[in-house]
Amino acid sequence: MKRVISNHIFLWKILFKEAPFYMLYVIYNAFRYQFFIFVEHTLGIRYVLHCAEYHEPFYKAAIAVIIILLLTTLSFVPDGFFQQGWTQKTKPRLYRALKDKMYEKAAELDLSCYDNPDYYNEFVLAVSESEKSIDRFLELIDYAVQSITLICTGGVFYLVNDPIGIVFCIASFALTFFAAKKLNKTNFNVRIKNNPFERKRNYVSRIFYLRDFAKELRLHPEMKEKLLEEFGEANDEIVKNEKKVSGMRIFLMFLKRYLFNDFLMDTIYIGYLAYRVVVLHGLDYSTSIVLAGRTGDLKESMEYLTDIPVKAGENSLYIDKVRAFLDYKPEIEKHTGSDVPEGSGELVVSNLSFRYSPESDYVLKDISLKAAPGEKIAIVGYNGSGKTTLVKLLMRLYDPSEGEITYHGTNLKEFNLDKFHNRMGVVFQDFNMYGGSLAENVFLDDHEPDDDDRKLVKEALVKSGFSDRLDKLEAGLETSVTTEFDKAGVDFSGGEKQKVAIARAFYRDADILIMDEPSSALDPIAEYNLNVAMHEAAKNKTVFYISHRLSTTRDADRIIMLEKGRIIEEGTHEELLRRGGKYAKMWEVQANRYIAG
Amino acid sequence: MKNNLYALKLLFKLSPGIVYCRGFRRIIGYAEWLFYSAFFMRYIVYAYENNESYGKIVLFLGIVGTVFAFVTVYKNFNDGYATPVCTTIVNKKLNSILFKKALNVDLRCFENSDFYNKYTLAMQDADTRLIETVDVFWGMIFGFIATIAAFSFVFSIDKWAVLFVIFPILGNFIFNVQLGKIEFKRNEDMAYHNRKIAYVNRVMYMTEYAKEMRLTSALSLMKKRYGEALSGIGEVVAKYHLKGAIMHWLRCSFTFSFIFEGVMLYGAYRSIVSKTLSLSEYAVIIELMVSTSWILIGFCDSCMTGYKNGLFIQNLKNFMEHEPEIPEDYDGIPADEGIKTLEFRNVSFSYGEENVLENISFTLEGSKTYALVGYNGAGKSTLIKLLMRFYDPTEGEILLNGRNIKEYNLASYRRLWATAFQDHMIFSATVKENVLMRDCKESSLDDDERVISALKMAGVYDKVSSLPKGIETMLTKEFDEDGALLSGGEFQKIVVARAFATDSCGCIFDEPSSALDPIAECNLFDNILANGENKTMLFVSHRLSSVKNADCVFLLADKNLAECGSHDELMKLNGLYAEMYNKQAVNYLAVSENDWKTISEAKGKTGRIKTPAGESTQGGAC
C-alpha cells in the first residue's frame, strides 16, 4: 500500500512539474462534473417539486431553474476548451515528460542489459506501458475525485433528510461488495484455467493469419491439420471450464445484482420510504422522490471508491517497472570523465578477460594486444570465438572483467564516454537508418546544418562511395530517409546503408575505425564495392576489421585469430600461412573453393 | 446497414444462441429502464397523492420485486452461461472458416501491403468484434423502439412536453455528429505526428538500435523528432480547438441542460400556475426526460459505432468472398511421375505494374543440380515462388514433364519438392515435429531415425542431442517454460533438415546458409549436394564458391536470365558471372600460387590436412 501511494506520488510529481495548471484543472473538472449533477438532479428537482407540492409562487421555482441553467451552461464553456484543446495538447507532453527520462536512461543503460532477456522484456514493457500508466493515473484521479464529491454531497443530503437511507446504502454496498469479490474470484479462477488454452488459441490464430507462416503452411499441409486439431481442442476445453462454473456464477450474480442490490434498494428501501410518507407522514413527497432516485448513485460511487485501491495497485505494478528502470545504476558512467587527447594514439589491451556475468564462462581470456596509430588489424575466427565481444570492449560498450584497455596511455574508463565515442567510426552488418534527412543520417545529432556543414557531409558521402546514388536523389542531402513516417521517403539497400554508415566515420574524422562483418549479407558486386570504399576510409586510421571471410582481411598489417576467447595466432597473412596452423587451415578451406576447380 | 445485416446472418449461422442472447439483453435493458422511469415512481407518487393504503403499495412493490427476480435470473443465465459458452463456440467456428480462407489466400495477396492491412484489420479479434457488431445492431433497433416508446409515454402525460425532446435530438444528431467529424479530422491530421512519436519510441527500445544509441548522438536526433512531433500536435490542436469547444458547448447544453431545465420550468408552470399537472406526473416527466435523453445518447452511440463496425464487416466480407486464383485444394491430375523435366517457357511475372521477371525460359532436367545467382533483389526468390506455384506467371507457362503445372493437383505437385527458405519459421512444437512437419504423437522408430539423420546432415544434431529431451524437446518458450531457444543459425539448420527429411524428387534451397559461418556453410553445401544425387535440385546462394559444383548455373540480371551454363563455361564467357566470381575470389586468387607454395610447405611439416565431410564443429574443415 505504501508502495502504491509512493508510486503515484512519484508520477504526480513528474506530471505536476510538466503541467501544473492542467493537473489542478483535472481535479477541478472531476469535482465540477459531480457537483453540478448534485445541484441539478438533487437540489434542483427537490426544490421545484417542493414548490409544486406546497404551492409556492411560480417565480421562486423559475428563478432557481434559470440560475441552475446559467451555471451549468456556463460551466460547459471552459469544459469545451479543456477537452478539445488543452487535453489534446497536454497529454502528449505529459507522456514525453516521463518518456524523456526513460530515453535518457535507455541510452546509458549497460549494453549487457539488452543481452539479458528478462531484463530486456521488463524494459520494453516499462516503455510501452509508460503512456498507459499516465492515462490510468489520470483516470484514477478523475474516479476518486468524482466518488468523493458524490459521497460528500449525497451523504450530507441524506444525513439531513433521511439518515436511515445511508444505512441502506452502506448495507447494500457491503453485501454487494462481498458477493462481487466472490464472483471475481470465481471468474479469475476460470481465467487462470482457460489461460493456457487461450494462449494456444491465439498462437494458432497468429500462425494462420500472419504472412510469415503462409509459405510453411502451404508447403506442409499435415502441420495445418495438427494445428487445427489443437485449436479445436483448446476451444472445447474452454467451453468445458465455462460450463463447470456457470451454476456458481449465476448464483453469485443473483446475489450481487438482485438480492443485495435491486431487491434491497428498490423494494425494501422504497417500501420503507413509502411507510414514512403514508403511515408516519414524516416525509414529504418531493423529498421521498429525490431520495429514491439518488440511492443508486450514492451506492455506485461507494463501489467506485472501493475499486480505486485495486486499480491503483494494478497501475502501481507498472509504475514499479518504470521506476526500477529509472533507478538502475549503469556501470558505465556516461557523463563524467576527461577529454580524449588530440590525434591518433596507441590503443593497448593488456591481460583482458571478460565474461557477461560472474556466473557465466569467460568469453574472452587473457587478451593482450597493441595497435599503433594507423595500424590495420584484422580479427578472425569462427562464430562464437569472441570477435564481436572484443570489439565491443574496445568501443567501451562493456568494461573488461579483468585487465584494462588504454588509449593514449590512459584507461578508457577515465574518458568522457561521448567524447571517446566521437573519435570512433563503426560499421556493422545490420546498420540502421533513422527517420530524417540524409544529412541528419550522416551527422546524427540535433543541430541544424549550415553550408559548411553540408559541404562536409557531402564530402564524407563522396569518400564513402555514395556519390553515384547521391546524384540520383532529387532532394540531395535533404532526401527523407526511411518510409517510417514519410511515404515519399527512400529506403536504401543494404550496401547503400553501409556506405552512409562509413560516411558517418568520415564526417567525424574518427581516429579509430571498427568494422564488424559489414559485408556478409551483400551480393558479390555490392560486397566488392563496399570493400573498395572501406579501403579508402581506412587511410590514416587505426582499423579493426572483423570477418570470417578471409579474402577481405588478408591485406591487414596484422591478423589476430581468436578461438574460444583466446588469441591463438597472430601475424601477417604470409606469416600465418607459413605457420600452417589454424589460420592456414581456415584459409585453405575457403580459398580451396575458389582456386581448385 | 447492409453490412450489419450480413453480420447478423453470419453470426446466426455460427451460433443462433448468441444472437438471441444479445437481443434479449438489449430488450430487457431498455424495458427495465423505461419501466422504472415511466411507471414505477409514478405509481408510488400517485398512491401518495390519492391516499392509497400502505398495503397496496407493498403489494405493488412485492409484485415488481418478484417479476424482476425472474428477469434477473434470466439475465444471469444469459451472462453467466450462454454468453461465455456461445462466444467460445463462435470463436471456434468462425476461426475454422477464416483459417481455411486464410490458407487459400494467394501468397501474392499477403505481399500486397494494401490487402494485408485490410486483412489484418478483418482478422484481429474477428469473433468478439462480430458479436459486438450484432450487439450494437440490436442496440440500434431496440434503441429506436425505446426512443419511440419514451416519446409516447411523455406524450401520454403531456402532449406539449414532447417538444422538449427536440433539444437532445439536435444535441445528439447534429452537434454530436459534427463534433465527431471535427475529432475525426483532428485525429487524421495528428496521425502523422503520432506515427513519428511511435517511431521514436520504437527506436529507443529496440535492441538493434542499442549499439548506435551509445556510439553516436542519435538520441538527440530522435529527441528532436519527438519535439517536432509535439509542436506539430500543438498546431493541429490549435486549428480545431475553437470549433471543437463551440460544438462541445452546443452538444452538452442541448443534450443535457436545455431539455432538463426546460422541462423543470415548464412542469413547474403547468403544475403551479395552470394546475394542469399533478405532482406525480411532474415527477415522472422530469425522470422520463432524463431517461429519454440517455436513451437517445445510447441510440446515437449505437448508430455511430454501427457505422464504424460496418467498415470492419466490409473488410471481413471482402475477405470471406475473396476468390483465390490458386486455391489450396486446386485439383487436377496427380503429379506422380516424378520430375523428368521442368520447363519455364517465356515466363514473365509482375506484382503490379512493372515486370519483376521478363520472358524467362529454361529447362531443369531430373537428377541434375542447378544454382541460381544474381544481385540482391534480382528476383531469385520470385522465380522460386513461381516454381512452387505460389504465384502463376503473368505470361508464359511452366511445364512439368511437358504439361502445364496448372493441370496438376496442387498438393501433389508441391509434394514433389522439398524446400528450405531463407525466411524460415519455427513452430512451437518438438524438434521432431519441426523437422517432419506433422503431428508426431504417434511416431515410429523409423521417423526418429529419419529425423536424426536429417539433423546430422544439416549439421545441428550435436546441438539437438545436447538438449535435455533430444529430438522431443519443445522449441520456443511459447507454451513450455523449458522450451529451447536456439540461435538463428541453428534454427536455420533445423529448417534445412526439413528438406533433408522429406522424401521427394526435387529440392529447393533459397539461401539456406545466410546465418552460418563459412565452415558450416560449406559443410552444408556438401551435404546438400550429396543428398541431391538422383534428384532435381535448385539452390540460391551468394557464395559463388558453393555454386561451382552445380551442373548448371543460372544468373539472373535485369529481370532476365543473363547467363546460363556450367561454372567453367560461364567463366570462359567472361561476363557478369565471371566478374562476380572474380571479385569475390580476388583476394583468394591474387596470390594463389604464392600461397599454395607456403601452404604446401607448411603441410610438409604438419602432415596432410584432413577434410572430413559431414562435420560442422568449429575448426573442422571440409
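What you are looking at is a predicted structure, and each value in this text was computed from that prediction instead of being measured. (Residues numbered from 1 in each chain as written. Chains lettered and ligands numbered in written order. Predicted model: local features only at pLDDT ≥ 70, side-chain atom pairs only at ≥ 80, totals over all residues.)

**Concerning the overall build of chain A**
Stated formally: Strands here are runs of E lasting at least two residues and helices are runs of H or I lasting at least four, both read from the DSSP assignment and numbered beginning at the N terminus. As a rule, residues whose C-beta atom has 12 or fewer other C-beta atoms within 10 Å are exposed, those with 20 or more are buried, and those in between are partly exposed; C-beta atoms are placed from the backbone. We call two residues in contact when the distance between their C-beta atoms, placed using the backbone, is within 7 Å.
Within chain A, the secondary structure is distributed over 18 helices and 12 strands. Judged by the C-alpha coordinates and their principal axes, chain A covers about 115 × 60 × 50 Å. Sorting the 597 residues of chain A into buried and exposed places 43% on the buried side. In chain A, once contacts between residues fewer than 6 apart in sequence are set aside, the share between residues at least 24 apart is 76%.

**As for helix 10 (residues 387-394) of chain A**
Residues and elements named next belong to chain A. Convention followed: As used here, the arc belongs to the directions running from the helix axis to the C-beta atoms.
Listing the buried residues of helix 10 in full gives Lys-387, Leu-390, Leu-393 and Leu-394. What you see down the axis of helix 10 is that its buried residues fit within an arc of 125°, all on one side. Positive backbone phi, at 55°, marks Arg-396, one or two positions downstream of helix 10.

**Considerations on the interface of chain B and chain A**
Selection rule: Classes in brief: Ala, Val, Leu, Ile, Met, Phe, Trp, Tyr, Cys and Pro nonpolar; Asp, Glu, Lys and Arg charged; the others, Gly included, polar.
Each partner contributes to the interface: chain B provides 132 residues, whereas chain A provides 138 residues. With 30 residues, helix 9 (residues 218-273) of chain B is the largest single contributor of residues to the side of chain B that touches chain A. Its residues assigned to classes, the side of chain B that touches chain A comprises 75 nonpolar, 33 polar and 24 charged.

**Remarks on the domain arrangement of chain A**
All names here are of chain A. Inclusion rule: Domain start and stop positions are those given by an automatic or database domain assignment.
Its domain assignment divides chain A into domain 1 (1-96 + 115-162 + 283-319), domain 2 (169-276) and domain 3 (347-433 + 492-595). A C-alpha centroid distance of 30 Å is found between domain 1 and domain 2. At the interface, 11 residues of domain 1 touch 9 residues of domain 2. Taken together, the residues of the side of domain 1 that touches domain 2 sort by class into 5 nonpolar, 4 polar and 2 charged.

**Observations regarding the nonpolar core**
Going by this rule: Defined on buried residues, the nonpolar core groups Ala, Val, Leu, Ile, Met, Phe, Trp, Tyr and Cys residues joined through C-beta atoms within 7 Å.
Among the nonpolar cores identified, the biggest contains 327 residues, and A:Val48, A:Val442, B:Val263, B:Ile285, B:Ala458, B:Ala497 and B:Val553 are the most heavily contacted of them. Among the elements that make up this core, the one with the highest residue count is helix 9 of chain B (25 residues). When sequence neighbours within four positions are dropped, the list of residues in contact with B:Val553 reads B:Ala371, B:Val373, B:Val547, B:Cys564, B:Gly565, B:Ser566, B:His567, B:Leu570 and B:Tyr577.

**With respect to the confidence of the model for chain B**
Residues and elements named next belong to chain B. The line we're drawing: Confidence scores labelled pLDDT are given residue by residue by the predictor and lie between 0 and 100.
Per-residue pLDDT for chain B averages 84, and the proportion of residues at 70 or more is 93%. Mean pLDDT in chain B bottoms out at helix 21 (residues 592-606), which sits at 50, and peaks at strand 4 (residues 395-400), which reaches 92. Per-residue pLDDT stays below 50 along residues 603-622; that stretch engages in 33 contacts with residues further than four places along the chain or on separate chains. Scoring of the predicted complex yields 0.80 for pTM and 0.82 for ipTM.

**Looking at the packing of helix 2 (residues 16-49) of chain B against helix 6 (residues 126-157) of chain B**
Geometrically, a packed helix pair is captured by the angle between its two axes and the distance between the axes. Residues and elements named next belong to chain B. Where we set the bar: For every element, the axis is a line fit to its C-alpha atoms; helices are fit only across the contacting stretch, and the angle between N-to-C directions ranges from 0 to 180 degrees. Roughly parallel means an angle under 35 degrees; roughly antiparallel means over 145; roughly perpendicular covers 65 to 115; every other angle is labelled oblique. The hand of a helix crossing depends on one turn: near helix anticlockwise from the far one by less than a right angle means left-handed, and clockwise means right-handed.
Remark: helix 2 packs on helix 6, axes separated minimally by 9 Å, with the N-to-C direction vectors making an angle of 25°. Classified by the interaxial angle, the pair formed by helix 2 and helix 6 is roughly parallel. Where helix 2 crosses over helix 6, the two elements pack in a sense that is right-handed. Residues Ile-18, Val-19, Arg-22, Gly-23, Arg-26, Ile-27, Tyr-30, Leu-34 and Ala-38 of helix 2 touch helix 6, and the partners they reach there are Ile-131, Val-134, Asp-135, Trp-138, Gly-139, Phe-142, Ala-146, Ala-149, Ala-150 and Phe-153. Along the lines of polarity and charge, the residues of the contact of helix 2 with helix 6 split into 14 nonpolar, 2 polar and 3 charged.

**Describing the domain arrangement of chain B**
Frequently, the measure chosen for interface size is the accessible area removed from exposure when the parts meet. Parsing chain B into structural domains produces domain 1 (1-158), domain 2 (159-276) and domain 3 (423-503). Here the C-alpha centroids of domain 1 of chain B and domain 3 of chain B sit 49 Å apart.

**Some remarks on the pairing of strand 3 (residues 369-374) of chain B**
All names here are of chain B. Under the convention used in this document: Two strands pair under a simple rule: DSSP has to find at least two bridges between them.
The buried fraction of strand 3 is high, at 6 of 6 residues. Judged by which residues are buried, strand 3 turns out to be covered on both faces: Thr-369, Ala-371 and Val-373 on one side and Tyr-370, Leu-372 and Gly-374 on the other are all buried. As defined by bridge partners, strand 3 adjoins strand 8 (residues 536-540) across 4 bridges and the pair is classed as parallel. Across the sheet, the residue bridging to Leu-372 is Val-540, located in strand 8. Where strand 3 meets strand 9 (residues 552-557), 5 bridges bridge the pair, whose relative direction is parallel.

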